[in-house]
Each structure stands twice: as structure tokens, then as C-alpha cells.
Amino acid sequence: MDKPKIYLSSPHMGSTEFDYVKEAFDTNWISPVGPHITAFESGLAMYNSISHCAALSSGTAAIHLALIILGVKQNDEVICSSFTFSGTCNPIVYEKAIPVFVDSELQTWNMDPTLLEHAIVDRIQKTGKTPKAIIIVHLYGMPAKIEEIMAIARKYGIPVIEDAAEALGSTVNGKKLGTFGDLGVYSFNGNKIITTSGGGALVSNNEDWINKARFLATQARDQAPHYQHSQIGFNYRLSNICAGIGRGQLEVLNERIEARRANFDKYRSYLSDYKGFNFVSEPEGYLSNRWLSTVIIDPSRAKCDREKLRLALEKENIEARPLWKPMHQQPIFACYPNYQNGVSDQLFDNGLCLPSGSNLTTTEFSRVIEVVKRQAQ
Ligand SMILES: *Cc1c(COP(=O)(O)O)cnc(C)c1O
């Protein structure tokens, strides 16, 4: 018999989600309108100290609507972190715009501000046009150098979409990620820090933009007794049932962050003595929700390499994954302009995400550590 599977990051319900879902059934609010949606939106806005929030069907949908709201059109260029998940940049291509990928710095693994400015200047020189938007990602919950990036974006007058899909609850100098940019995006997919089974949100201090997002997300219906449309719309709203799950999850969000941070601290304290095992630290004033605990294995110093360790874990029915494969290396995105410095290539080659659920038990943690120790010693 195989040992029970240990997942990378699985849903972790609290005690009230089911009551909210039951309430949706009892009151017959089963559709993508209803009181849970409104309450989830205001709860999320309050948590992040931002004025407006639209609950949507996914984080990808939120990025898509953000691009449309900023007026991104065919052949416009949009600068985007190369080191990310494809959900960040697919929507650029939905609009037939052109992603321009920018590599990471080593301190936070997110977009390198110096390389960003170089890319902006180079795009203006090459195309005669300023990029239409910047999508900046906070990977694994670690804040990007967002203040520097915002300063550069303001200098060139480029709006910023903050992809905080993995970084709900992370902060820089006490301010929540997703609220630095012009628009912020969260995801409630099943593997994220909290989940609605599937879902996302778009936040902003600009009320018109969030109203526009709700309008576009409900098939762009004009004010009329009949169905009247003067724009292309989408079916991107969150259901009232999912929003009920979200309300319950918001109540335990801070506990989930504490549990994920504790996972990371445990991994670091158990493993950092092994030669060639490295962990990424929070810069001064930065707080990461540590969505996933990641380790970098330097193959020239460690007793094993990333892939050997991953396979050893897999053999014990433990799910571990390489870090995100950079977009400039993806077959479908290789044709787009990119600005590289080798950082994300190196992180992809040597990085591993370890089981990181807020529901990871002590027994499960010991099983993981045991396998890693066998490989690392
Ligand atoms: C999960 C994720 C998304 C997409 O969110 P979905 O809700 O799955 O559509 C976008 N960007 C990043 C960085 C993500 O991790």
C-alpha cells in the first residue's frame, strides 16, 4: 500500500464556510448575484484597506478585465513578469496585445526594477510607443520591490496591475499587496492561501473601474428592460455559493497565513544546515504570506539536485514541484520580446516547492523532512 498522499497545497476549510453555503441554499440565492457576494467583496476590501472590490470567477478573469479597463488593445505592448504562472499573461494575448517579459532580481525573485526601466526605455526607442500597462507579480507570496517599481511606472506614466494571486495578506511596510498598483488582483483557486473552490477578485480605489469590471463581468448589459448591449461582455461573476465559502475563508485568513509562515520557518530551521540548501529571506519591512515554501538547491554544493530530490519525494507519494517555468522559456510565449538576466532561469533549474498547506500535519511534515534529509546528507 502506498503511503497517503501529501499535497503541495490543498483547500483548508474553517468552521463557518458550510453554514454560509447552507444559507445560500436556504434562501435560494444560488446565482451570481446575492448577499454573500456583496459581503465577500466588502470583507475583502476592508481586509486590504482598499475602497472597491469586484468578486469574479477567477484571478485570470480579473487580469483580463483589468487590461480592458486600462484600454489595452491589439498590438499594444504590456510589460509582464517573466517568472510567473501563465494565468498572468494569457489575458494579454486574449486582447491580441503583445506581452514583453522582464526577468527577476535575486532578493525577492520578482521583477527587477532596473531591468524594468531598461525595458521601458528600449521599447519606447524601438517602437516609438510607451508600453500600455505593467503587470507585476508577487510570487509565492513574497512582495516584489513594489515601491521602486511604482516609482518607475509613475515616471513613465504607465498604469500598473498588481497580480497578488499568490500574495493575499502579504505586506510592505504594513500596506497590503494588491493595493500599491492602479488595480490589484487576487485568486481563490483551490491551491491558493484561501479558496472559494475557484474565484478571483479585482480591487482598486477607483470606483468607476470596479463598476466597469462588474458591468463587463455580467455580459455588459446596458440599462434597459430588455437585453441591450453596446459592448462585448464576459460571464466572469462569482456565484453566491462560492462567495459564501469565501466569507468563511476570510474569517480564517490570518490563521492560514500564520500556519504557512510556520511551515516555512520549520523547513528553514530543519534544512538550512545542509550544504547548498538555500531559502529566500524577507527584506526589511516586507512580510510574505509564504504561500508556498520553496528551497533552492545549489547543485555544485549540495549532495543532491532539485530533480533527484523531487523524484525521491514523489516515490514517497509526496507532491513537490519545480518553481514556475519562466514565460520566456515557454514554447507559446518564446516569440515575444523579453529582457533576461538569467535569474529566473537559474531559479527554475534549482528551485523546489515543498508541501506547504496550512493543513499540513506534524506527521506529514516529518515524512517530508525524512526524505529530504536522506537526500541531503
Ligand atoms: C493562480 C494564479 C493566477 C490565476 O488565478 P486563477 O484564479 O487560477 O485564474 C494568476 N497569477 C498567478 C501568479 C497565480 O498564481
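Computed from a predicted structure; not experimentally measured.

Parameters and conventions
Residues numbered from 1 in each chain as written. Predicted model: local features only at pLDDT ≥ 70, side-chain atom pairs only at ≥ 80, totals over all residues. Heavy atoms only, no water. Phe/Tyr/Trp six-rings, centres within 6.5 Å; stacked < 30°, edge-to-face > 60°. Helix = DSSP H or I, 4+ residues; strand = E, 2+ residues; numbered from the N terminus. Buried < 20%, exposed > 50% of the residue type's maximum accessible area, 1.4 Å probe, protein only. Near = heavy atom within 4 Å. Polar contact = N/O pair within 3.5 Å; in protein donor to acceptor, adjacent residues only side chain to side chain. Areas by Shrake-Rupley, 256 points an atom, 1.4 Å probe, with all protein chains shown as cover. Nonpolar A, V, L, I, M, F, W, Y, C, P; charged D, E, K, R; others polar. Arc of directions from axis to C-beta. Contact = heavy atoms within 4.5 Å. Lys, Arg positive; Asp, Glu negative; His and termini not counted. Salt bridge = Lys/Arg side-chain N within 4 Å of Asp/Glu carboxyl O. Core = buried A, V, L, I, M, F, W, Y, C linked by side-chain atoms within 4.5 Å. Pairing = 2+ DSSP bridges. Axes fitted to C-alpha atoms, helices over the stretch in contact; angles between N-to-C directions. Disulfide = S-S within 2.5 Å.

Colleague: How would you summarise the packing of aromatic side chains if you had to cite specific residues and measurements?
Modeller: For the structure shown, the criterion picks out 11 aromatic pairs. Note on Y140 and W291: the rings are 6.3 Å apart at their centroids and 15° apart in plane angle, and the pair reads as stacked. Highlighted residues: Y140 in the loop between β4 (133–137) and α6 (146–155) and W291 in the loop between β11 (286–287) and β12 (293–297), separated in sequence by 151 residues. Here Y140 matches W291 in class, with each residue buried.

Colleague: Run through the site of the ligand, naming residues and quoting values.
Modeller: Close to the ligand lie 14 residues, the nearest being T60, D163, E166, S187 and K192. In the model, an oxygen atom of the ligand is placed 2.7 Å from a nitrogen or oxygen of the S187 side chain. Relative to its unbound accessible surface of 370 Å², the ligand loses 93% to contact with the protein. A per-class count over the shell around the ligand returns three nonpolar, eight polar and three charged.

Colleague: How would you sum up helix α9 (residues 306–315)? Please name residues and give values.
Modeller: Considered for burial, the residues of α9 that qualify are R306, L309, R310, A312 and L313. For α9, the angular spread of buried residues about the axis comes to 160°, placing them on one side. Looking at the packing, one finds that the buried side of α9 touches β10 (277–278), β12, β13 (321–322), α10 (343–350), β15 (351–354) and α11 (362–376).

Colleague: Which residues make up the environment of A165, and what are the values?
Modeller: For A165, the location among the structural elements is in the loop between β5 (160–163) and β6 (171–172). Residue class for A165 comes out buried when judged on its relative accessible area of 15%. The spatial distance from the C-alpha of A165 to the C-alpha of S187 is 4.5 Å, given a sequence separation of 22 residues.

Colleague: So, the side chain of R260: which residues are in play, and what are the values?
Modeller: The topology assignment puts R260 in helix α8 (residues 240–271). For the buried R260, no salt bridge exists, and the shortest N-O distance to an oppositely charged side chain is 9.8 Å, to E166. Of the polar contacts made by the side chain of R260, one reaches the backbone oxygen of W291; its length is 2.7 Å. Every residue in contact with R260, bar those within four places of it in the chain, is listed here: S9, N191, K192, I193, N289, R290, W291, L292, S293, S356, G357 and S358.

Colleague: Go over the nonpolar core, please, and point to the residues and values.
Modeller: Ranked by internal contacts, the top residues of the largest apolar core, which has 61 residues, are L44, I79, I134 and L168. In this structure, I134 is in contact with I79, M111, L116, I120, A153, I158, P159, V160 and I161, ignoring residues within four places of it in sequence. Core analysis: the second largest hydrophobic core is formed by 34 residues, L67, C89, L183 and Y236 among them.

Colleague: I'd like a description of the sheet that holds β10, backed by residues and values.
Modeller: Within the open sheet, the four strands sit side by side as β10-β12-β15-β13. Their pairing is antiparallel. The open sheet has two edge strands, β10 and β13, and neither has a second partner. Taken together, the two bridges between β10 and β12 define a ladder with antiparallel strand orientation. Across the sheet, residue F277 finds its bridge partner in β12, namely I297. Each of β10, β12, β13 and β15 touches α9; the most contacted strand, β15, lies at about 25° to it.

Colleague: Got a sec to walk through the pattern of salt bridges? Specific residues and values, please.
Modeller: This structure, assessed with the given rule, holds 16 salt bridges. Close ionic contact of K155 with E117 constitutes a salt bridge, the shortest N to O distance being 2.6 Å. Residue K155 is located in helix α6, and its partner E117 is located in helix α5 (residues 113–127); the two are separated by 38 residues in the primary sequence. Given a relative accessible area of 23%, E117 falls into the partly exposed group. Across the pair R321 and E319 runs a salt bridge whose closest N-O atoms are separated by 3.1 Å. According to the relative accessible area criterion, R321 is partly exposed, its value standing at 45%. By relative accessible area, E319 is classed as buried at 17%. Linked by salt bridges that have partners in common, R306, E307, R310 and E314 make up one network.

Colleague: Can you lay out the state of the cysteines for me, pointing to particular residues and giving the numbers?
Modeller: Scanning all chains against the criterion turns up zero disulfides. Left without a disulfide partner, C242 is nearest to the cysteine sulfur of C53, which lies 15 Å away. Of all cysteine sulfurs, the one in C304 lies closest to C353, which takes part in no disulfide; the gap is 15 Å.

Colleague: Let's hear about the side chain of R290: which residues, and what values?
Modeller: Among the structural elements, R290 can be located in the loop between β11 and β12. There is no salt bridge for the buried R290, and the closest opposite charge comes from E282, which lies 4.5 Å off by N-O distance.

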